Amino acid sequence: MEQQERFFADSSVVVTGGAGSVGEYLVGCLHRLPVRRIRVIDNNEMGLFQLAERYSGDDRVETLLTDVRSESEVQRVFAGMDVGFHLAALKHVFLGEKSPLTVVQTNIQGVQSVINASISARLRAVVFSSSDKAVNPTSVLGASKLMGERLFTASNWLTPSAERCLLTSCRFGNVAGSRGSVVPLFCQQIATGLPLTLTDERMTRFVMTPGDTADLLLDSMMLSIGGEVFISKMSTVRIADLARVMIRLIAPKFGRKPEDVEVRVIGARPGEKLWEELNTDEEVGHTLDLGRYFVVTPALRNLFAAPAYTYPGTSSNAVKTAYRSDRERPLTPSEIERFLQQPGVLTPEVRTRLGLE
């Protein structure tokens, strides 16, 4: 916390997609730091209104209804900012398969708008939130996130080094508790008596808490040399194990016997993988292990006058293998239970019924 306070002291911070699940949590973390201003932009009118209500009376927090697909609007709202976090994105694999052009407009053209605005406004640093779905992508969403990473990396050297905006990416796993993710879906299905829908018994995922995502975003900016991709070391969970633990924990709190909860296997949807990956075999050769994080250094750094990728306060070790969720030890049922009890993972109603609030 002390390092974060020093780094962000008196800074004006812009957060795109700040009304989303991760954005809300990040704004809350920034609000506890001695920043001068937090400018939150989103195209979700109701979410932005609710965020504005939460921070009403605090003139450090600004909320602006803006779509990252409008470059002129992004240029306007980035003016006068010092650093930024780009979280605005379309994020659902299945919907992206049906509407690929919309994904391109938001997740690729929107990223380029943010890059252009960041360089034009001379921000010191911007962090882009990517996804493990960018690794060996099998979906429109994953491909768009990979393109976002590559745009951020390549754009680092568009301006003289003395004026360079550090553009850095970080890869999220599945953020447990975020809207549209599997944990709130399972909570809703168990609470309302619906069958619990499981895509595939073999499916595994890397999972993070909202707190993990905020730490990754903030630390990525503080560690950034420019052009890297930072990755949290995440827990792995079998989705079938997660379902069973949630049924056992939650069903009795809604008057249901766990054995009466139907689990319906519906099959993977278009674009979905049975496992996720944190890095590729090609990236292994330029991936470092910083302890809490992996960092993929830019493959094209030798084409530019790039600095050495060494990180103060960390011991950098070479990574020898790519990390896949089906190859890592999954959480045990007791570990899943502890994971679920962390703040922001279960829905507020379920947390209250479990006595966690």
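Look a little higher up for the structure.
Note that this is a predicted model, so its numbers are computed, not measured.

## A look at the pairing of strand E9 (residues 204-208)
Then, in step 1: Within E9, five of the five residues are buried, which leaves the element mostly enclosed by the surrounding structure.
Then, in step 2: Residues Thr 204, Phe 206 and Met 208 of E9 are buried on one face, and the alternating residues Arg 205 and Val 207, pointing to the opposite face, are buried as well.
Then, in step 3: Relative to E9, strand E7 (residues 174-175) runs parallel, the two being bridged by two bridges. Paired with Asn 174 across the two strands is Val 207, which belongs to E9.

## Regarding unusual backbone geometry
Then, in step 1: Of note in the backbone geometry, Arg 122 takes a positive phi value of approximately 60° without being a glycine.
Then, in step 2: The residue Arg 122 is located in the loop between helix H6 (100-120) and strand E5 (125-131) in this model.
Then, in step 3: Although it is not a glycine, Asn 136 sits at a positive phi angle of roughly 45°.
Then, in step 4: Topologically, Asn 136 is positioned in the loop between E5 and helix H7 (140-154).
Then, in step 5: Taking relative accessible area as the criterion, Asn 136 reaches 41% and is therefore assigned partly exposed.

## Structural notes on the packing of aromatic side chains
Then, in step 1: According to the stated counting rule, one finds five aromatic pairs in the structure shown.
Then, in step 2: Here a set of aromatic residues connected by ring pairs shows up, and it is made of Phe 7, Phe 8 and Phe 85.
Then, in step 3: It is Arg 324 that lies over the ring of Trp 275; its NZ or CZ is 4.0 Å from the centre.

Parameters and conventions
- Residues numbered from 1 in each chain as written.
- Predicted model: local features only at pLDDT ≥ 70, side-chain atom pairs only at ≥ 80, totals over all residues.
- Heavy atoms only, no water.
- Buried < 20%, exposed > 50% of the residue type's maximum accessible area, 1.4 Å probe, protein only.
- Helix = DSSP H or I, 4+ residues; strand = E, 2+ residues; numbered from the N terminus.
- Pairing = 2+ DSSP bridges.
- Phe/Tyr/Trp six-rings, centres within 6.5 Å; stacked < 30°, edge-to-face > 60°.
- Lys NZ or Arg CZ within 6 Å of the ring centre and 35° of its normal.

Shape descriptors only; they carry no functional weight alone.
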